[in-house]
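# A structural walkthrough
The chain contents come next:
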Amino acid sequence: MTTTTTTAHVCPECEESVQIGDSVRLNEILECVGCRIELEIVALSPMALALAPEVEEDWGE
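This structure is a prediction, so every number in the text was calculated from the model and none was measured.

## Quick look at unusual backbone geometry
With omega at 0°, the peptide bond leading from S45 into P46 counts as cis. Secondary-structure assignment places P46 in the loop between β4 (38-44) and β5 (47-51). We note that E15 has phi near 65°; this positive angle belongs to a residue other than glycine. With respect to the element layout, E15 can be found in the loop between β1 (6-10) and β2 (17-21). Overall, the relative accessible area of 65% leaves E15 in the exposed class. Positive phi outside glycine occurs at R36, with the angle close to 65°. For R36, the location among the structural elements is in the loop between β3 (29-31) and β4. In this structure R36 comes out as exposed when scored by relative accessible area, which is 56%.

Printed below as a string of structure tokens:
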């Protein structure tokens, strides 16, 4: 049986607790359950979250 460890971190937008599993990857996008904003994992050790960049159109460039 495999166990998954989760740790709680704080959303930089609403300060709600965000549960993050131990199998996440750098630059992975998560969603805050409190404010529904997208968060990006910007560092793994120590774990750090930041607001995910907005997706922009490239207009065919």
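Read on, since the account is not over.
## A short note on the confidence of the model for the protein chain
Summarising the model, the protein chain shows a mean pLDDT of 86, and 82% of its residues fall at 70 or more. By mean pLDDT, β1 is the weakest element of the protein chain at 84, and β4 is the strongest at 95.

## Description of the pattern of salt bridges
Going through the model one piece at a time under the given rule, you end up with 1 salt bridge. Salt-bridge contacts for E31 lead to R36; the nearest nitrogen and oxygen are separated by 3.1 Å.

What counts as what
Residues numbered from 1 in each chain as written. Predicted model: local features only at pLDDT ≥ 70, side-chain atom pairs only at ≥ 80, totals over all residues. Heavy atoms only, no water. Helix = DSSP H or I, 4+ residues; strand = E, 2+ residues; numbered from the N terminus. Buried < 20%, exposed > 50% of the residue type's maximum accessible area, 1.4 Å probe, protein only. pLDDT = per-residue confidence, 0-100. Salt bridge = Lys/Arg side-chain N within 4 Å of Asp/Glu carboxyl O.

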